Protein chains: 4
Amino acid sequence: MTSTASRPAVADGVKQGLAQLRIETPSWGYANSGTRFKVFAQPGVPRSPEEKIADAAVVHRLTGAAPSVALHIPWDRVDDYAALAAYATDQGVALGTINANVFQDDDYKLGSVTNPDPRVRRKAIDHLLECVDIMDATGSRDLKLWFSDGTNYPGQDSIRARQDRLTEALRETYDRLGESQRLILEYKLFEPAFYTTDVPDWGTAFAHCLELGPRAQVCIDTGHHAPGTNIEFIVAFLLRAGKLGAFDFNSRFYADDDLMVGAADPFQLFRILHEIVQGGALDPALGIAYMLDQCHNIETKIPAIIRSVMNVQEATAKALLVDADALAAAQRSGDVLAANAVLMDAYNTDVRPLLAQLREESGLDPDPIAAYHRSGYQQQIERDRVGGRQAGWGA
Amino acid sequence: MTSTASRPAVADGVKQGLAQLRIETPSWGYANSGTRFKVFAQPGVPRSPEEKIADAAVVHRLTGAAPSVALHIPWDRVDDYAALAAYATDQGVALGTINANVFQDDDYKLGSVTNPDPRVRRKAIDHLLECVDIMDATGSRDLKLWFSDGTNYPGQDSIRARQDRLTEALRETYDRLGESQRLILEYKLFEPAFYTTDVPDWGTAFAHCLELGPRAQVCIDTGHHAPGTNIEFIVAFLLRAGKLGAFDFNSRFYADDDLMVGAADPFQLFRILHEIVQGGALDPALGIAYMLDQCHNIETKIPAIIRSVMNVQEATAKALLVDADALAAAQRSGDVLAANAVLMDAYNTDVRPLLAQLREESGLDPDPIAAYHRSGYQQQIERDRVGGRQAGWGA
Amino acid sequence: MTSTASRPAVADGVKQGLAQLRIETPSWGYANSGTRFKVFAQPGVPRSPEEKIADAAVVHRLTGAAPSVALHIPWDRVDDYAALAAYATDQGVALGTINANVFQDDDYKLGSVTNPDPRVRRKAIDHLLECVDIMDATGSRDLKLWFSDGTNYPGQDSIRARQDRLTEALRETYDRLGESQRLILEYKLFEPAFYTTDVPDWGTAFAHCLELGPRAQVCIDTGHHAPGTNIEFIVAFLLRAGKLGAFDFNSRFYADDDLMVGAADPFQLFRILHEIVQGGALDPALGIAYMLDQCHNIETKIPAIIRSVMNVQEATAKALLVDADALAAAQRSGDVLAANAVLMDAYNTDVRPLLAQLREESGLDPDPIAAYHRSGYQQQIERDRVGGRQAGWGA
Amino acid sequence: MTSTASRPAVADGVKQGLAQLRIETPSWGYANSGTRFKVFAQPGVPRSPEEKIADAAVVHRLTGAAPSVALHIPWDRVDDYAALAAYATDQGVALGTINANVFQDDDYKLGSVTNPDPRVRRKAIDHLLECVDIMDATGSRDLKLWFSDGTNYPGQDSIRARQDRLTEALRETYDRLGESQRLILEYKLFEPAFYTTDVPDWGTAFAHCLELGPRAQVCIDTGHHAPGTNIEFIVAFLLRAGKLGAFDFNSRFYADDDLMVGAADPFQLFRILHEIVQGGALDPALGIAYMLDQCHNIETKIPAIIRSVMNVQEATAKALLVDADALAAAQRSGDVLAANAVLMDAYNTDVRPLLAQLREESGLDPDPIAAYHRSGYQQQIERDRVGGRQAGWGA
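Conventions we followed
- Residues numbered from 1 in each chain as written.
- Chains lettered and ligands numbered in written order.
- Predicted model: local features only at pLDDT ≥ 70, side-chain atom pairs only at ≥ 80, totals over all residues.
- Heavy atoms only, no water.
- Helix = DSSP H or I, 4+ residues; strand = E, 2+ residues; numbered from the N terminus.
- Rg over C-alpha atoms; globule rule 2.2 N^0.38 Å.
- Buried < 20%, exposed > 50% of the residue type's maximum accessible area, 1.4 Å probe, protein only.
- Contact = heavy atoms within 4.5 Å.
- Areas by Shrake-Rupley, 256 points an atom, 1.4 Å probe, with all protein chains shown as cover.
- Lys, Arg positive; Asp, Glu negative; His and termini not counted.
- Charge placed at Lys NZ, Arg CZ, Asp CG, Glu CD.
- Buried area = accessible area lost by both parts, 1.4 Å probe.
- Salt bridge = Lys/Arg side-chain N within 4 Å of Asp/Glu carboxyl O.
- Polar contact = N/O pair within 3.5 Å; in protein donor to acceptor, adjacent residues only side chain to side chain.
- Nonpolar A, V, L, I, M, F, W, Y, C, P; charged D, E, K, R; others polar.
- Least-squares fit on C-alpha atoms with pLDDT ≥ 70 in both.
- Core = buried A, V, L, I, M, F, W, Y, C linked by side-chain atoms within 4.5 Å.
- Axes fitted to C-alpha atoms, helices over the stretch in contact; angles between N-to-C directions.
- Left-handed = near helix turned anticlockwise from the far one by under 90°.
- Pairing = 2+ DSSP bridges.

As annotated in an unreviewed UniProt entry, chain A is L-rhamnose isomerase from Pseudonocardia xinjiangensis.

Following this line, the structure appears as structure tokens:
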């Protein structure tokens, strides 16, 4: 019952582990979003990729843990990507993953890379190739592919033919990648397609990545599973197979709710990070990209993203607190209650004081949310960002 | 194994039952719709309430079973509702249920009738009262209430206080109703709220309706349940309690997919209609409103609605074919397989010839879809409805 | 970020709240249990109701919070219930809720109180009445009714007729109750019935209890819901309606897994107890019975039950830590993030030191699990309870 | 609307397709089964492997489509498997798949091949190897492996270490197989393990089979998925990858309900068989094993199995009726409604007359259920099979 977190040696290990944790924030998380019923606009929302990057930089300055920002093309299309990268550097952040978007043109009504019409498929693949061009310009390592492709009605299209088309598109895109670039394939059970989805689960993504080659990896979005799916199992399995490439963190109670990570099931987030820590995957050498992918529909966006970064940090700190030797011993001896207790002891620890201390040692405010509110940034953007067109999904 | 449908006496009973079936189509089903990712616009979509009514009238002329059209306020707001009703009559249909909409104003970000802000609650209730005014003008019997109200995060608001506010709003609205008007309360598990929904399930709707009085009834939307929910149980329970007021028919594989009714699980639709038939609820005297509530995101809207009407007719015909005496005998004797076989015998019957015959006897084309395609209506509206603003959610 | 738990006034309030918490343990939780695939017998398991009570008394001596034990009839049938009650008193615990069991006779293959055969229904009702006789003898307040009744195949029986039969059985049983006795009706989505269940959800249980009268209340088993169900909503709703009678605590990842409460989703348990605390329902005057209903299939039973009691205590302590004023203020102002933060601040607090202190103040060991292991009780029962027939489901 | 089934050429194609369909029935389907709450014994249930085979032979004689019976070891352990095979041949059926059972010894409480204890793992692997010995004796082609292995509590064991152990066990077993033998790996989401399952989904089974080699294939049990899983997608994907080995047919509303195939969602069964037909997989050369895996807990077992065989036949007949050219044309043109209509036209056809005709042409009774009831077999076994121990799970 003595708090493990208070022992100095343990605390040092946790701090070293946390120092490795880098969370990428998404440019579109700073923009307006909503449901099919309504997008509630918020004051101060960015009107350009540069303003999104400025917001992301604020998050990084306050947390010290969010050094890069992911882009979504075409939402963040600019004329000069090198200039955008330079702007980001000036702000103190880097451009990260390039997220391709092939779901918002009218042409994509029946799919993009799996569309029955070869003309539409060509257009979609060309967009993916353009994204690699952008990666060359921004210096991004990862191309993240999520396809909304699927069907709404039984019989609408051939499941198998769509897999053939998907294979072709992935191959052409993969072959275009540079040596240090990766293709990250995301899966999702449903939405916007309501009968079949062409990459519905980790098995499908895994099979395609295996066929593509070593630079193709799977992305786990924590909101993209069927009810009851054990996500940490998938984490452990893909890590063991060398095929875990990235996370899209968020949380959900029902479907792809895109709430703040850790808000719906903080214990699940801890279990996921326990697998990460056990698998040594905080080490940047393993190349796992930790990203947020959230929609802050009703809460203020920047503090929501700060809170999300802190939630991942807290879960990681707890995972680092797990007494691995005691756990392994209990597991070996088949002591179910003792093994569970070792895990719960770490989870039940309040790691917030430790994180506050770590922030202070790094020259940060121990309470990033309070610091944000004191900074006046929110008032400033609400004042300044008037006129123009606020960014949103599709903007 | 002799097809029960072919016996003349049985066929007559089925025809009499079907003659009672009236399916209301929703004005917004003819308009553009989509997901949060994209609304794919379709050519020929109506630009006014009148054009929606015209489309609904086409569905009725071809099926003979869709004599009324539901309105959504404010989507179908006009200056003169009596004139709109007269226009509908001219077209051969009636105005039906008035659906209140309190989810698309910026004020409703944190709820409408359950909003913590009393000013917003007042505004929302005023809208509900306005809808009753409209009912007076249109001669509509039913006010359908669906609230998007809820919360996204634990702690965001008090679950209990929101119930108190809901009770107040429902009471004021109910008290405003005329003697022959009804309040129909709809429930939905989630979306757009992602943590709590203020009317999430039939139990909540039932409890409120019970408290309100005899003219408050529950609406079952077939897409609004948790996975695994047995909808026909709810139908049977509410019918027995005298509290089933209406259906919003559609179908779903995952969440509230709003696909064509009968497209995802035709056997479930049959089981629902079996409860309806068993409960005598096809009889208009019981006052159950059978409505479609669907989004035709990728398929052509008018033929999709015709197909949906036909799907309900086919499921009803099969339910009417169930040999009630044989079923009751098998149930009484505890013969599980025999009882199930009686039900399946009806389900497995191909009722399309019977329905074609019934249409011909009523002077309709036996194949309404083919008749629609031959009619040239689709080409005409695509040609004519150019310019103006196509109707959609929020339009 | 200053731990609220460390402020003396707050700690006192938490202690007073916790002092009200009484958790009933189930006699069958000490017995062998398993899945349909296998029951793994454990050494030292009780062979009689007395030995179950002895185990329950150990849990109470170590936790100070489990002063009563629920019985399951016929599993705990004895000749002299007054003697059994006296034995319990000697051991330092009381006999609690009587749980009726009408699912393990061959007669109940097609149901008990809803069986199509009136003879079987009579037998089942007679068993319920016998349970009330037992309550008279044991001085128990509550009769808990869970029915496995339902059907496996569409058509097997009439949903509505089964409701009629259920109504009759409940009425006769309710009318037999004494003035200070209650009927507690439990619901469950599925298992062992796989198509319909006659009391599948809280709405059904609520409607029956409402019809029965004020001494009929609903029991929430935390493992008996469809995926995605918001249990705390049901808690708040039933509390508001004065119809929440009892909890069967346990936890689940998939179906009715019957794992230790708090093991699968500790945050959900906290949210449930937050509603309890908000509704003032820790107060014994409200009469909510807090019971465990778990199966310790692979873990040692007594320490698993101690751990479960502690899990409920920890969740309750956190719920008591919620700053109600700050929460209400944030809710009123519509500050989503602030309101959520107030709740999470309490949840993230490590309450174990406070609970250890509370135990010591009550003369208990601060670490009940360690105290159990030191006590030698487990070794003693494994040595002593040899021969005879170990209790289990159906034993 | 002209019934496609009535056209002679179409009917011939359907009959040829159906002639290829062979459904294996499971020996344990004839035995007693139940839920964790109760096993309801039925009169006439077999008391030996021979009596199970005799029942299976009756099903084949009446349906002409169930020529083999699967064994479960140790439930069907005999001294002389060659003699058992000869007995089966005499009865007119063959012995089919050997199903290994490593979940009912006390040793397997914490797992079999993934148990932390190497001694238990050795024992489990030895059982798998023994099963291959049995295959050599019976001439069986397939070894079906389903593991109940998993954990109930977070932390209980290392997810990754269990995968390592699983890999070892599968490898040793695979290497023992003869050239014409196959390893069929089954997956299941949960039950009896309630936190992790070591082979929870098709992705895990697929990855292991890929690593093992060409004679390792995946088995799809239609009741083993998370809610909302699109099973026909998995069928199409595994067929395309050459890794679909077998089906365990049954149906479910909630979890692994093990009801009669086609009883819960006949449209889903049709969609699955549509993928089979589209993939040419009725052809025995593809080696897909079609098996039932059901529990007839409350319905009479032999007619339930006959009904199940007929349900698969009916779904297959409908799938064979799909007008593949019209479907492909509609899909190519992007006509969503037309493509769906082609599929639904086949589904809505009543294929029972065609199947009755096919049976008569094969010298069978057109109504196998009626023929069974007339045969007196049920009365005979109820009379004869008295005394001895009725077979059941674990018997």
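Read on for the rest.
J.: What is the right way to look at the overall build of chain A in this model?
T.: Along the backbone of chain A there are 14 helices and ten strands. On C-alpha atoms alone, chain A measures out to a radius of gyration of 21 Å, which is about the 21 Å that the 2.2 N^0.38 rule sets for 395 residues. In terms of overall dimensions, chain A has a C-alpha envelope of 65 × 55 × 40 Å along the principal axes. In chain A, which comprises 395 residues, the proportion classed as buried is 69%. Sequence separation of at least 24 residues holds for 77% of the intrachain contacts in chain A that already meet a minimum separation of 6. As displayed, chain A has an accessible area near 12200 Å², and 50% of this comes from carbon and sulfur atoms. Considering chain A, the positive charge centre built from 38 side chains and the negative charge centre built from 53 side chains are found 2 Å apart.

J.: Hey, could you run me through the interface of chain B and chain A in this one?
T.: By a frequent convention, interface size equals the accessible area lost on bringing the separate parts together. Contact residues are listed per partner, giving 42 residues for chain B and 42 residues for chain A. Of the roughly 4000 Å² buried between chain B and chain A, counting both surfaces, carbon and sulfur atoms make up 64%. If you look at where chain B meets chain A, you find eight salt bridges. Asp106 of chain B is the salt-bridge partner of Lys38 of chain A, the closest N and O atoms lying 3.2 Å from each other. For the pair chain B and chain A, the interface holds 18 residue pairs in polar contact (both at pLDDT 80 or more). Tallied by class, the residues present in the side of chain B that touches chain A amount to 24 nonpolar, seven polar and eleven charged.

J.: What is the right way to look at the relation of the copies chain A and chain D in this model?
T.: The pair of chain copies shares a relation made of a rotation about an axis and a shift along it. The transformation that overlays chain A on chain D combines an axial shift of 0.0 Å with a rotation of 180°, and the residual RMSD is 0.0 Å. Put plainly, the chains are arranged around a two-fold axis. If distances are taken from each C-alpha of chain A to the rotation axis, the shortest is found for Gly203 of chain A, at 2.0 Å. Taken as a fraction of all interface residues of chain A, those also at the interface in chain D reach 100%, which identifies the copy contact as same-surface.

J.: Quick question: what am I supposed to make of the nonpolar core here?
T.: One recurring pattern in soluble globular proteins is that nonpolar side chains are buried together. Counting 225 residues, the largest nonpolar core has Phe247 and Ile276 of chain B together with Phe247 and Ile276 of chain D as the members making the most contacts within it. Of all the elements, helix α9 (residues 301-321) of chain D adds the most residues to this core, at eleven residues. When near neighbours in sequence (up to four residues on either side) are disregarded, Ile276 of chain B contacts Val235, Leu239, Leu244, Phe247, Ala281, Leu282 and Tyr290 of chain B. Of all hydrophobic cores here, the second largest spans 224 residues; its members include Leu21, Leu321 and Tyr377 of chain A together with Val113 of chain C.

J.: Mind showing me how you'd approach the packing of helix α1 (residues 8-20) of chain A against helix α12 (residues 352-361) of chain A here?
T.: How two helices pack is summed up by the angle between their axes together with the distance between the axes. All names here are of chain A. Following both chains from N to C, one finds α1 and α12 inclined at 65°, their axes separated by 11 Å at the closest point. In the crossing of α1 with α12, the sense of the turn from one axis to the other is right-handed. Here Ala11, Val14, Lys15 and Leu18 of α1 lie close against α12, whose contacting residues are Leu354, Leu355, Gln357, Leu358 and Glu361. Looking at side-chain class alone, the contact of α1 with α12 contains six nonpolar, one polar and two charged residues.

J.: Looking at this model, I keep getting lost on the side chain of Asn297 of chain C. Mind explaining?
T.: As for its position among the elements, Asn297 of chain C is in the loop between β12 (289-292) and α9 (301-321). In this structure the side chain of Asn297 of chain C is engaged in a polar contact, spanning 3.3 Å, whose partner is the backbone nitrogen of Gly34 of chain C. Ignoring any residue separated from it by four or fewer positions in sequence, one finds Asn297 of chain C in contact with Ser33, Gly34, Thr35, Phe40 and Gln42 of chain C together with Lys109 and Phe194 of chain D.

J.: Explain the interface of chain A and chain D to me, please; I cannot follow it from the model alone.
T.: Contacts between the two partners involve 49 residues from chain A, matched on the other side by 49 residues from chain D. Here chain A is connected to chain D by two salt bridges. Measuring nitrogen to oxygen at the nearest pair gives 2.7 Å for the salt bridge that ties Asp164 of chain D to Arg240 of chain A. Mapped by element, the contributors of at least two residues to the side of chain A that touches chain D are α5 (159-176), β7 (196-197), α6 (202-212), α7 (231-240), α8 (266-278), α10 (324-332) and α11 (336-347) of chain A.

J.: Looking at this structure, I do not really get the sheet that holds strand β6 (residues 142-145) of chain C. What am I missing?
T.: For sheets, the rule is that strands pair by backbone hydrogen bonds, running either parallel or antiparallel. Residue and element names in this part refer to chain C. The strand order β1-β4-β5-β6-β8-β10-β11-β12 describes a closed barrel built from eight strands, whose pairing is parallel. Direction aside, neighbouring strands of the sheet carry axes that sit 30° apart on average. Strands β6, β8 (182-186) and β10 (216-221) of the sheet are contacted by helix α5 (residues 159-176), whose axis makes an angle of about 150° with β8.

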